[in-house]
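Observations on the model geometry
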Amino acid sequence: MIKIVKRDQPSRAIFFLTPILAIFLTLVAGGLIFYILGFKPFEALKFFFIVPIADKYGFSELLLKATPLCLIAIGLSFCFKSNNWNIGAEGQLTFGAIVSGGVALLFYEQEGFYILPIVILAGAIGGMLYASIPAILKTYFNTNEILVSLMLVYVSKLILDYLVVGPWSNPEGFNFPETRQFSDSARLPLLFEGLRIHAGIFLALAAVVISWFVFYKTYLGFQMKVSGFSLKTAKYAGYKGKKMIILVFLISGACAGLAGVGEITGPIGQLHREVSPDYGFTAIIVAFLGRLHPVGIIFASLVVAITYLGAETAQIFMQIPKYTGQVFQGMILFFLLASDYLLFFKFKFISSKK
Amino acid sequence: MNTNLKISNVTKIYPGCVANDNVSLEFNSGKIYALLGENGAGKSTLVKILSGVIIPDEGKIYLNENNLKLNSPLDAKKNDIGMVFQHFNLFETLSVFENLIIDSDEERESLREKIDSIMRKYNFSIDLDIPVLNLSAGQKQKVEIIRCLIRNPKVLIMDEPTSVLTEQETSELFLSLKKFSEEGILIIYITHKLKEVMELCDEVAVMRRGKLVSVSEIKNENIESLANKMVGQNLKTIKKKKEKTSSDQLINIINLNFISEDPFETNLSDINFSVNRGECLGIAGISGNGQSELFQVLSGEIISDKNSIEFNKNYIGDLNPQERREYLMAFSPEDRLEQAAIPQMAIFENVALNNFKSSNFFNNGLINENKIKEHSKKIISDFNVNTDNIELKSQFLSGGNLQKLIIGRELITSPDLLICFNPTWGLDVGAINYIHETLIKINEQNKSIILISTDTDELLKLSDKISVIHKGKLSKIMNADEVTSEKLGILMGGGN
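Predicted model only: the values in this text are computed from it and were never measured.

Quick notes on the packing of aromatic side chains
Residues and elements named next belong to chain A. Taken as a whole and judged by the stated rule, the model has 27 aromatic pairs over all chains. Seen from their ring centres, Trp 85 and Phe 288 are 6.4 Å apart, and the 20 degrees between their planes marks the pair as stacked. Of the two residues, Trp 85 is situated in the loop between α3 (56-81) and α4 (89-106) and Phe 288 in helix α11 (residues 279-289); the sequence distance between them amounts to 203 residues. Linked through ring pairs, Phe 34, Phe 39, Phe 48, Phe 49 and Phe 328 together constitute an aromatic cluster.

Below, the structure written as structure tokens:
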């Protein structure tokens, strides 16, 4: 007989093993779905997870997709660790892209080493401004940050839509909903000839290192950790709770804004309607899959990035919609949450004699 | 008819702790039984087994020779076992009557008659049609008791029933329990208060660390003998030398008010008091009368008017707790696991929660782990915290050790004033003694204490002056040696 028993304490080994278990279960369930759709499961999974990264170009694409996911997830980990549920990173990304894109357009047809830093900075500020809205509403008016940050995503997308169709649309662009191409000085440099991977990856890596340092080595990180465990304790210790909430939102917004900058000054090179294939939402999965730990987030962003690539190959070779990628992302989160049950409970086998 | 309840070889094991170790007991109606033991002795587990909340790993329960299968609280009810828990299980917004009939399928009319006759019989006077939230704690408990009586129970179990009651309500409860017993209801009374056992019960079973240590008749026992059985060792009694304290004023609270936006909090109105150096001011009261709000206002978790708190000749009403610590105040909140400490964090990290500038725990925004650890080791040895591993998560400390760590953390900075709120709540007698000794010692060093507590005995033992808080208002401040627990009881209930 199998009995479910509560653990004395959450298991630390299980804490790091469940993400792997979740990925494994996702593969099993994914294979099953492919089988039901009439494909050979192993072949389909190969198209999805191995073929896309089998060559140099594929690997570059993997890093290209993982970069924004990692950057945003690192930012979100600041919010989530302190119990602030910012789920509007997609909006902060979009608004960061709008602000930095606007600045890049100001320097249209100009050259200069100073342009790129200004554009990058503008993106970070844009993201911060946008994230400050739910933060201020939460701290001073007790609104729910989940609703506010989520709703603002759609607002930012409509603003972008308006700008690329209207005032910012390319005068020589035959009414396509897009802006002019940015000048080369406003573009992130490519790392290798012929591959799309760009210098934005260094922003992501810097974010990883900085967040590790802040979390584990600074007073600020300590205060965030305490506030995350218990706001009552934070209050008792005398930490400035409101400032902390605003700060984590600003950090998170800056990261999302930078991810937006990376997209438009990297592979895209202009503003158009779709600056992000929902990186801001997918990064929530990445943050949790990586257990809100900087190193975990690196691995998680690589795993989730494959689902984007796999969906594209699957569309080309198997004629199934690329939204299969989102199915896989959903399944990863689902199985992760389900296997978290094992953190607190274990199975005990008992002989049914007596 | 005689009722016989037998517990036979009951064992319940939790991970890391044997809550009940082969316990066998027998009860007969006509007597009131006390089940006595410290927190964690296993008495709550045992009564939860009797009421079907917990299923034992081994052992059997017999009622009048019938083997009972108690898999849920409903089974216990069906077998005429009634239970009144320490914390009330009532719907605050429903009326008394609705609460009483909620788990019954009898007709409303006949139930109403039945309830009326029970109330007449036992002299209970409660308005059945007002919402429960308007009742006092004693009345709420009566509602719980009536809910059991409706089912004509053979057994009535009371789990620490007096923890929320005033002295007067307690004596009323005792009268009712004696009446029930005379009518043939078997009563099992769970407590750790020795005086109540002596006053109320006929027989006493003492539990310690999951084991039954003795069963005896009350007439053969006295308070000391029971205390020693309960703790398992001879306890020294602590007494404070109440000398004349200085007239050097340390803290002065002037017309302090607090109006909460939260309807479940208590407003404080016109709080005025002062504490001199070397003095302990006790604040008594039934929980929920504004103690928590008063603590927060004094600690700075709730900020008030700058001039409402004068400390050491500075006005500090508008400062937060960390800023107040710099003026040499220290705070020990009521809730150890949710406020005073973070169970998931290591001992040394919990020590860093009391951060004051001269400690150098954090330099230029960076954590100075060595400094914190050094400091933590000192606290552990100075305050007898029973561990040598400061990397241990604080959730693995027992309640007593955790409280020593918290008090130690607050006192090691040698503050002028310690404000503590129920510092010994839920602790075993050994730890309580240690905390009491520590508090007496700091008074002797000419430091002051504000002790907010719901434990009247503790207050009478430690305080030089006592005031009572009732509905957010303080009574006048009395000298502790002029006060009796009866007088406090009257003030706590809102009388004069």
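As for the pairing of strand β13 (residues 280-284) of chain B
Residue and element names in this part refer to chain B. Of all the five residues making up β13, five are buried; the element is thus mostly covered by neighbouring parts of the structure. Neither face of β13 is open: one carries Cys 280, Gly 282 and Ala 284, the other Leu 281 and Ile 283, and all of them are buried. Summarising the sheet, β13 and strand β20 (residues 448-452) pair through four bridges and their orientation is parallel. Bridge pairing in β20 links Leu 281 to Ile 450. Judged from the four bridges that link them, β13 and strand β21 (residues 465-470) form a sheet pairing that is parallel. Pairing of Gly 282 across the sheet is with Ile 466, part of β21.

A closer look at the sheet that holds strand β14 (residues 309-311) of chain B
Residue and element names in this part refer to chain B. Sheet architecture is open: four strands sit in the order β12-β11-β14-β15, paired in antiparallel fashion. Two strands in the sheet have a free side with no partner beyond their single neighbour: β12 (268-276) and β15 (314-315). By the bridge criterion, six bridges tie strand β11 (residues 249-258) to β12 in an arrangement that is antiparallel. Paired with Leu 256 across the bridge in β12 is Ile 271.

Details of the domain arrangement of chain B
Residues and elements named next belong to chain B. Looking at chain B, the domain boundaries give domain 1 (4-231) and domain 2 (249-492). On a C-alpha basis, the centroid separation for the pair domain 1 and domain 2 is 34 Å. Counting from both sides, the interface comprises nine residues of domain 1 and, opposite them, twelve residues of domain 2. Between domain 1 and domain 2 the total buried area reaches about 800 Å² when both faces are included, carbon and sulfur atoms providing 55% of it. In this structure, the connection of domain 1 to domain 2 is made through zero residue pairs in polar contact (both at pLDDT 80 or more). Every element with two or more residues in the side of domain 1 that touches domain 2 is listed here: α6 (167-182) and α8 (223-231).

What to know about the nonpolar core
Ile 72, Phe 222 and Tyr 239 of chain A are the most contacted members of the largest nonpolar core, which totals 147 residues. Each residue touching Phe 222 of chain A, except ones within four places of it in the same chain, is listed here: Phe 215 and Tyr 239 of chain A together with Met 345, Glu 349, Ala 352, Leu 353, Phe 362 and Ile 367 of chain B. If you look at the next biggest cluster of nonpolar residues, it comprises 46 residues, including Leu 128, Leu 173, Phe 174 and Val 204 of chain B.

Regarding the interface of chain A and chain B
Between chain A and chain B, the residue contacts involve 22 residues of the former and 28 residues of the latter. Summing both partners gives a buried area of about 2200 Å² for chain A against chain B, and 57% of it is carried by carbon and sulfur. Where chain A touches chain B, the interface holds two salt bridges. A salt bridge links Lys 225 of chain A to Glu 349 of chain B; the shortest N-O distance between them is 2.8 Å. For the pair chain A and chain B, the interface holds 15 residue pairs in polar contact (both at pLDDT 80 or more). Residue assignment for the side of chain A that touches chain B shows that the elements contributing at least two residues are α7 (200-217), α8 (219-229) and α9 (231-237) of chain A. Ranked by residues supplied to the side of chain A that touches chain B, first place goes to α8 of chain A with six residues.

Criteria and thresholds
Residues take numbers from 1 onward in each chain, read along the sequence in its written order. By the order in which they are written, chains take letters starting at A while ligands take numbers starting at 1. Residues qualify for local features only when their pLDDT is at least 70, as the model is predicted, and side-chain atom pairs are given and counted only at 80 or more; totals for whole chains, interfaces and linings, by contrast, use all residues. Heavy atoms from the whole structure form the basis of all side-chain values; hydrogens and water molecules are not counted. Aromatic rings from Phe, Tyr and Trp, with only the six-membered ring used for Trp, were paired whenever their centres fell within 6.5 Å, and each pair was classed as stacked if the ring planes differed by under 30 degrees, edge-to-face if by over 60, and tilted otherwise. Helix and strand assignments follow DSSP, with helices taken as H or I runs no shorter than four residues and strands as E runs no shorter than two, numbered in order from the N terminus. Exposure categories follow from relative accessible area, calculated using a 1.4 Å probe and restricted to protein chains: below 20% of the type maximum is buried, above 50% is exposed, and the middle band is partly exposed. The pairing criterion is simple: DSSP has to find at least two bridges between the two strands. Where each domain starts and ends follows an automatic or database-derived domain assignment. It only takes one pair of heavy atoms within 4.5 Å for two residues to be counted as in contact. Here the quantity called buried area is the accessible surface, traced with a 1.4 Å probe, that two parts lose on coming together, added over both. Here a polar contact means two N or O atoms within 3.5 Å. Within protein one must be a hydrogen donor candidate and the other an acceptor candidate, and residues neighboring in sequence count only if both atoms are side-chain atoms. Side-chain atoms within 4.5 Å link the members of a nonpolar core, which is a set of buried Ala, Val, Leu, Ile, Met, Phe, Trp, Tyr and Cys residues. The salt bridge definition used is simple: a Lys or Arg side-chain nitrogen within 4 Å of an Asp or Glu carboxyl oxygen.

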